[in-house]
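# Observations on the three-dimensional arrangement
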Amino acid sequence: IKLFAPFWQKDSLSEHLTLSKLTKYHELPISHKIADGEIEGWQYIIIEAVEGTPLNKVREQLDFADIERIVSACGEVMAMLHSVDIEGLNEIAINWHEFVENQIQNCIHNAIESGLDDIWIQSLYESAKNSSKLFEMNFKPVLLNADITDEHVLVRKINGKWSLSGLIDFGDAMLGHHLYEF
């Protein structure tokens, strides 16, 4: 059971809409929704458990072949998400160009706050601005998880090899450019 405090309404909406849409995609290694509702202003979703351990808990145990296998599997899951029909997900659509610009500004701000040298900051800014694909005006939006991190990528060891077992948390899901996940 996943509970959403009243101040997490956006995450609740994203998770609800996305998992409702993905319920019929049984091949996706995600927490499929069973039910949802609200109790005293708190949204909840009942989901199937996904076996596995968060990647960040076992990272030191992985060798290069494990990492390559997990990254490849994550790419396959992203491709499946990007191919989902987005009809009915317009509530998680965003102003893409404004979003990308804000992401760049936040990145630069964090670099400045961390004390990074001005030359590196300028280089970072120029590199981000030159990511022209993310600024395309006419692109077909796709479903993005938008939070594929080592906390949300679940893995398990089978026959001595670590592999992807699931992807959890769609609270930040949105529609956007397919390259954003990378």
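Reference entry: report on the structure contained in this document. Bear in mind the structure is a predicted one, so any value in this text is a computation, not a measurement. (Residues numbered from 1 in each chain as written. Predicted model: local features only at pLDDT ≥ 70, side-chain atom pairs only at ≥ 80, totals over all residues. Heavy atoms only, no water.)

### Considering the overall build of the protein
Across its full length, the protein holds 5 helices and 8 strands. Mapped in sequence order, the helices and strands of the protein form the string β-α-β-β-β-α-α-α-α-β-β-β-β. Seen through its C-alpha atoms, the protein measures out along the principal axes to roughly 50 × 45 × 30 Å. By residue count, 36% of the 182 residues in the protein fall in the buried class. Restricting to contacts in the protein with at least 6 residues of sequence separation, those with at least 24 account for 72%. For the protein, the accessible surface area stands at approximately 11000 Å², while carbon and sulfur atoms represent 54% of it. (Helix = DSSP H or I, 4+ residues; strand = E, 2+ residues; numbered from the N terminus. Buried < 20%, exposed > 50% of the residue type's maximum accessible area, 1.4 Å probe, protein only. Contact = heavy atoms within 4.5 Å. Areas by Shrake-Rupley, 256 points an atom, 1.4 Å probe, with all protein chains shown as cover.)

### Overview of the environment of Ser14
Turning to its location among the elements, Ser14 is positioned in helix α1 (residues 9-22). By relative accessible area, Ser14 is classed as buried at 3%. For the pair Ser14 and Glu91, spaced 77 residues apart in sequence, the C-alpha to C-alpha distance is 8.1 Å. When neighbours within four sequence positions are excluded, Ser14 is seen to be in contact with Ile92, Phe170, Gly171 and Ala173.

### Description of helix α5 (residues 118-129)
One turn of an α-helix holds 3.6 residues; hence residues three or four places apart share an orientation. If you check α5, its first and last C-alpha atoms are 16 Å apart, about what 12 residues at 1.5 Å a residue would give, namely 16 Å. Here α5 starts with a cap whose side-chain oxygen sits 2.9 Å from the backbone nitrogen of Ile119, and that cap is Asp117. (Expected span 1.5 Å × (residues − 1). Polar contact = N/O pair within 3.5 Å; in protein donor to acceptor, adjacent residues only side chain to side chain.)

### Concerning the pairing of strand β3 (residues 42-47)
One ladder, built from 3 bridges, connects strand β1 (residues 2-4) with β3; its direction is antiparallel. Following the sheet pairing, Phe4 is matched in β3 by Gln43. Note that strand β2 (residues 33-39) and β3 share 6 bridges and pair antiparallel. The partner of Ile39 across the bridge, within β3, is Trp42. (Pairing = 2+ DSSP bridges.)

### Observations regarding the sheet that holds β1
Pairing is antiparallel in the open sheet, where 3 strands are placed in the order β1-β3-β2. Looking at strand neighbours, the two that pair on one side only are β1 and β2, the edges of this open sheet. Going across the sheet, the axis of each strand differs from the next one's by a mean of 15 degrees, ignoring polarity. Strand contacts of α1: β1, β2 and β3, with the helix running at about 30 degrees to β3, the strand carrying the most contacts. (Axes fitted to C-alpha atoms, helices over the stretch in contact; angles between N-to-C directions.)

### What about helix α3 (residues 64-82)?
Between its first and last C-alpha atoms α3 spans 27 Å; for 19 residues at 1.5 Å apiece the expected length is 27 Å, and the two agree. Buried within α3 we find Asp66, Ile70, Ala73, Cys74, Val77, Met78, Leu81 and His82. Backbone nitrogen of Ala65 and a side-chain oxygen of the N-cap are separated by 3.1 Å at the start of α3; the cap is Asp63.

### What to know about unusual backbone geometry
Even without glycine at this site, Glu40 takes up a positive phi of about 50 degrees. With respect to the element layout, Glu40 can be found in the loop between β2 and β3.

### So, the packing of aromatic side chains
Enumeration according to the criterion identifies 4 aromatic pairs in this entry. Ring centres 6.0 Å apart and planes at 65 degrees place the aromatic pair Trp96 and Phe139 in the edge-to-face group. Within this pair, whereas Trp96 is found in helix α4 (residues 96-113), its partner Phe139 is found in the loop between α5 and β5 (142-144), the two being separated by 43 residues in sequence. Centroid distance Trp96 to Tyr180: 5.5 Å. Interplanar angle 90 degrees. Geometry classified as edge-to-face. With Trp96 in helix α4 and Tyr180 in the segment after β8 (174-176), this pair connects stretches of sequence that are 84 residues apart. Grouped by ring-pair contacts, the aromatic residues Trp96, Phe99, Phe139 and Tyr180 constitute a single cluster. (Phe/Tyr/Trp six-rings, centres within 6.5 Å; stacked < 30°, edge-to-face > 60°.)

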